[in-house]
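Understanding the architecture of this molecule
As a plain string of letters, each chain reads:
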Amino acid sequence: MKQLLSKKILLTCIFLLNIIIASAQNVSKAKQPIELKHGAHRIGKRTDSAMARWRGYGFGQFIHWGLYAIPGGEWNGKQYNGAAEWIRSWSGMPKSAYDSLIYQFNPTKFNATAWAKTAKQMGVKYVTITTKHHDGFCLWPSKFSDYNVGNSPYKKDIIGSIVDAYNKEGIDVVLYFSIMDWHNPDWRYDIKTKDDSLAMARFDQYTRNQLLELLKRYPTIKGFWFDGTWDKGWVKQAAFADELEQELRRVHPGLIIGSRLHADEFGKRGDDSNGNLIGDYEQGWERKIPEKIEDVHNNDWECVMTVPENQWGYNKAWNGHIKTADEIIEMLARCRSLGGNFVLNFGPKGDGTLRHEELDLAKEIGEWMHINGDAIYNTTYAGFDKQDWGYFTRKTGTNKVYMVVFNVPVSGALRVKLPAHTSIDKAYLLTDPGQIFVPEEIASREYFIHLKGELYKKPFVIVLETTSTAKDNGKVYEEAKT
Ligand code: 1KN
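The shown structure was predicted, so the numbers you read here are calculated from the model rather than taken from an experiment.

Parameters at a glance
- Residues numbered from 1 in each chain as written.
- Predicted model: local features only at pLDDT ≥ 70, side-chain atom pairs only at ≥ 80, totals over all residues.
- Heavy atoms only, no water.
- Phe/Tyr/Trp six-rings, centres within 6.5 Å; stacked < 30°, edge-to-face > 60°.
- Helix = DSSP H or I, 4+ residues; strand = E, 2+ residues; numbered from the N terminus.
- Buried < 20%, exposed > 50% of the residue type's maximum accessible area, 1.4 Å probe, protein only.
- Lys NZ or Arg CZ within 6 Å of the ring centre and 35° of its normal.
- Pairing = 2+ DSSP bridges.
- Axes fitted to C-alpha atoms, helices over the stretch in contact; angles between N-to-C directions.
- Parallel < 35°, antiparallel > 145°, perpendicular 65-115°, else oblique.
- Left-handed = near helix turned anticlockwise from the far one by under 90°.
- Contact = heavy atoms within 4.5 Å.
- Nonpolar A, V, L, I, M, F, W, Y, C, P; charged D, E, K, R; others polar.
- Near = heavy atom within 4 Å.
- Polar contact = N/O pair within 3.5 Å; in protein donor to acceptor, adjacent residues only side chain to side chain.
- Areas by Shrake-Rupley, 256 points an atom, 1.4 Å probe, with all protein chains shown as cover.
- Salt bridge = Lys/Arg side-chain N within 4 Å of Asp/Glu carboxyl O.
- Disulfide = S-S within 2.5 Å.
- Right-handed = clockwise from strand over helix to strand, strands pointing away.
- Core = buried A, V, L, I, M, F, W, Y, C linked by side-chain atoms within 4.5 Å.

**So, the packing of aromatic side chains**
- Under the defined criterion, the tally for this structure stands at 27 aromatic pairs.
- Ring geometry for tryptophan 86 versus tryptophan 182: centroids 5.2 Å apart, planes at 75°, classification edge-to-face. Of this pair, tryptophan 86 sits in the loop between strand S3 (78–79) and helix H3 (95–99) while tryptophan 182 sits in the loop between strand S5 (172–178) and helix H6 (194–217), and the two are 96 residues apart along the sequence.
- On the accessibility criterion, tryptophan 182 (14% relative accessible area) is buried.
- Linked through ring pairs, Trp65, Phe105, Phe110, Trp115, Phe137, Tyr147 and Tyr154 together constitute an aromatic cluster.
- Taking NZ or CZ as reference, arginine 355 lies 3.7 Å from the ring centre of tryptophan 318, over its face.
- In this structure, lysine 426 packs its charged tip against the face of tyrosine 428, placed 5.1 Å from the ring centre.

**Looking at unusual backbone geometry**
- Backbone geometry at asparagine 76 places phi at a positive 50°, although glycine is not the residue there.
- Positionally, asparagine 76 belongs in the loop between strand S2 (74–75) and S3.
- A positive phi is found at asparagine 298, a non-glycine position, where the angle reads about 60°.
- Overall, the relative accessible area of 27% leaves asparagine 298 in the partly exposed class.

**Section: the sheet that holds strand S18 (residues 446–450)**
- Across the sheet, three strands lie side by side as S14-S18-S17; this open sheet has antiparallel pairing. Two strands lie at the open edges of the sheet, namely strand S14 (413–417) and strand S17 (440–443), each paired on one side alone. Each strand of the sheet is rotated relative to its neighbour by a mean of 35°, with strand direction disregarded.
- Inspection of the sheet shows S17 paired to S18 by three bridges, in the antiparallel sense. Considered in S18, the bridge of glutamate 440 is made with phenylalanine 448.

**Some words on the packing of helix H4 (residues 112–122) against helix H5 (residues 158–168)**
- Look at H4 against H5: their axes get within 8 Å of each other, and the N-to-C directions meet at 45°. Between H4 and H5, the interaxial angle falls into the category oblique. Here the hand of the crossing between H4 and H5 comes out right-handed. Every residue of H5 that contacts H4 at Ala112, Thr113, Trp115, Ala116 and Ala119 is listed here: Ser161, Ile162, Ala165 and Tyr166.
- Looking at the contact of H4 with H5 residue by residue, the classes come out as seven nonpolar, two polar and no charged.

**Thoughts on the site of the ligand**
- All residues adjacent to the ligand are His64, Glu85, Trp86, His133, His134, Tyr176, Trp225, Asp227, Trp230, Glu286 and Trp312.
- With respect to the ligand, the side chain of histidine 64 contributes an N or O atom lying 2.6 Å from an oxygen atom.
- The contact in question runs from an oxygen atom of the ligand to an N or O atom on the side chain of tyrosine 176, over 3.4 Å.
- Relative to its unbound accessible surface of 390 Å², the ligand loses 72% to contact with the protein.
- Taken together, the residues of the shell around the ligand sort by class into five nonpolar, three polar and three charged.

**What about the pattern of salt bridges?**
- Summed over the entire model, instances satisfying the criterion amount to 28 salt bridges.
- As a salt-bridge pair, aspartate 280 and arginine 46 come within 2.8 Å of each other at their nearest N and O atoms. Of the two residues, aspartate 280 is situated in the loop between strand S7 (256–257) and strand S8 (282–286) and arginine 46 in the loop between helix H1 (2–31) and helix H2 (49–57); the sequence distance between them amounts to 234 residues. Each member of the pair aspartate 280 and arginine 46 is classed as buried.
- Between arginine 249 and glutamate 245 there is a salt bridge, with the nearest N and O atoms lying 2.8 Å from each other. Here arginine 249 pairs with glutamate 245, and both are found in helix H8 (residues 238–251), just four residues apart, close to one helical turn.
- A network of salt bridges, in which partner residues are shared, links Arg42, Arg46, Asp48, Glu245, Arg249 and Asp280.

**Details of the state of the cysteines**
- Scanning the entire structure with this criterion turns up zero disulfides.
- Unpaired in this structure, cysteine 335 has its nearest cysteine sulfur neighbour in cysteine 303, at a distance of 4.3 Å.

**Focus on the pairing of strand S4 (residues 126–132)**
- Counted residue by residue, S4 has seven buried out of seven residues, so it is predominantly covered.
- Across four bridges, the pairing between strand S1 (residues 59–63) and S4 is parallel. Paired with glutamine 61 across the two strands is valine 127, which belongs to S4.
- By the bridge criterion, six bridges tie S4 to S5 in an arrangement that is parallel. Following the sheet pairing, lysine 132 is matched in S5 by phenylalanine 177.
- Once the chain exits S4 it traverses H5 before rejoining the sheet at S5, and the crossover so formed is right-handed.

**What about the nonpolar core?**
- Within the largest apolar cluster, 103 residues are counted, with the highest numbers of intra-cluster contacts made by Tyr166, Phe224, Phe342 and Ile365.
- Considering every element that reaches this core, the biggest residue donor is helix H9 (residues 325–337), with seven residues.
- Excluding its chain neighbours within four sequence positions, the residues that come into contact with phenylalanine 342 are Gly58, Phe59, Gly60, Cys303, Met305, Ile328, Met331, Leu332 and Cys335.
- Counting 20 residues, the second-largest nonpolar core is a separate cluster that includes Trp389, Val416, Phe460 and Ile462.

Set out below in structure tokens:
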């Protein structure tokens, strides 16, 4: 009995010891990064001027345009419930009917200058335009695919006229490019046979050719926005895709590429197997926005957002909730307060015009940006605690902090908690610097800014000129939570 008991104790001890050893090993494993050939090539943010420019944009426009704009989510009188640009994948529409839309593509009312002027009026600093979506249709006359705009009745190069017109308005251009291609017979969702490998090797070269072609044709572009890279077929091309990314960067210095082009050799996407971000910025904030600064893991990031629910290409029937200008402005301010860019999607019609809902939004958002843009452009995370009335942003590298106010409390008192070693020198309304607020100190480093009882129908901005006696001024806050 005694012996049995001690045996039991011994076994328990060994068992516990094993757990301790295993967890200790885990800890050392977590500390020891594994060697990766195709993981992140840099730890931390880029420090060059092209990336600094991108970071300062604040607000961008996304454009999804292609053959899917012609059906606009409808085929033979029936409505497709998915995203309009995915209609080719719907069993209700024959693939051949979709592919034949190229013979109908003739947007005679398309005017790149008009689009660029609308974007400028809205206040965006960059545009991301679909060169080729999942359907494989190319909006430029590609030498490497017949399925391109040059073979449509329209004939003319759409990407070229957009790049020129937007650049003329001072707006930078990024090219969206879907790797997944429903038109190219060499595309594979997975690679299971020798034949699949051969096909995908041809597909790799096709992709490389097209990307080099785009860089050559449009030398002013600032970046590529990749999509359709989630299937195993492409994930297994990690080595090729990584080398391709390096090649594109060599050919076009300063080029900005998000986290979606290549996986690492273990098939890990976005963050590599060591948890480091692949590419220049986090692309995962699609139709969602981080809640707090910890969520962004000190990465550069961009949020892309649709006006209705999940619709990117033109859909005649916008069902469900459609965002208002004020909602969109709030999303924009929230993104800026967490150091990200915000990109609003437009889905132009098949005739080349913008739908009136989007034109109206561009105007209303633009009116706000025109007077409040200072709180958005070249701003970043302020290092102040979030308050219920809205969002803080900071003019990058300075002690100028903006309060973008959306929810005025019934008391009219806006709470501000200052970080350590910081004081407020001056507080005033951005649109009327003569309107000065005298902050009331309510506790150590805690203030109320009292509004004067007006009715506020639009979000507004209060500027705080601050002094920081912390070692490194504004920079401290930007790097504080890294
Ligand atoms: C949830 O699965 C998807 C798959 C593709 C969600 C979105 C997308 C594509 N990315 C967006 C930027 C659009 O281009 C959309 O078609």
